[in-house]
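Residue-level structure breakdown
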Amino acid sequence: MCVIKEVKVVSDDHTSKECLKQLNQEIYLLNQLSHLNIVQYLGSEMGEDTLSVYLEYVSGGSIHKLLQEYGP
């Protein structure tokens, strides 16, 4: 099972270009890491106007949700 993180990309938008750059850095980093406590990167693909990143599904919610519930 996997999760798909999708980001709309507008080629002439500076903010979108910066977001795409950051996502590519995240993809590169996730591709290099291998640890039980790090979500596994499975792949990505660029569509006409969407970047799709495929990640391992991890149950239990997000870190953000857990921090809200239990605190830092």
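Computed from a predicted model, the values in this text were never measured in an experiment.

Describing the side chain of threonine 50
Tracing the backbone shows threonine 50 in strand S3 (residues 50–56). Setting aside its immediate chain neighbours within four residues, threonine 50 contacts Glu6, Val7, Lys8, Val9 and Glu45.

Considering the sheet that holds strand S1 (residues 2–8)
One open sheet holds the 3 strands; their spatial order is S1-S3-S2, and the pairing between them is antiparallel. Bordering the open sheet on either side are S1 and strand S2 (41–46), each of which pairs with just one other strand. On average, each strand axis in the sheet is inclined to that of its neighbour by 15°, with strand direction left out of account. For S2 and S3, the ladder comprises 5 bridges, and the chain directions are antiparallel.

The rules behind the values
Residues numbered from 1 in each chain as written. Predicted model: local features only at pLDDT ≥ 70, side-chain atom pairs only at ≥ 80, totals over all residues. Heavy atoms only, no water. Helix = DSSP H or I, 4+ residues; strand = E, 2+ residues; numbered from the N terminus. Contact = heavy atoms within 4.5 Å. Pairing = 2+ DSSP bridges. Axes fitted to C-alpha atoms, helices over the stretch in contact; angles between N-to-C directions.

These values are about where atoms sit, not about what they do.
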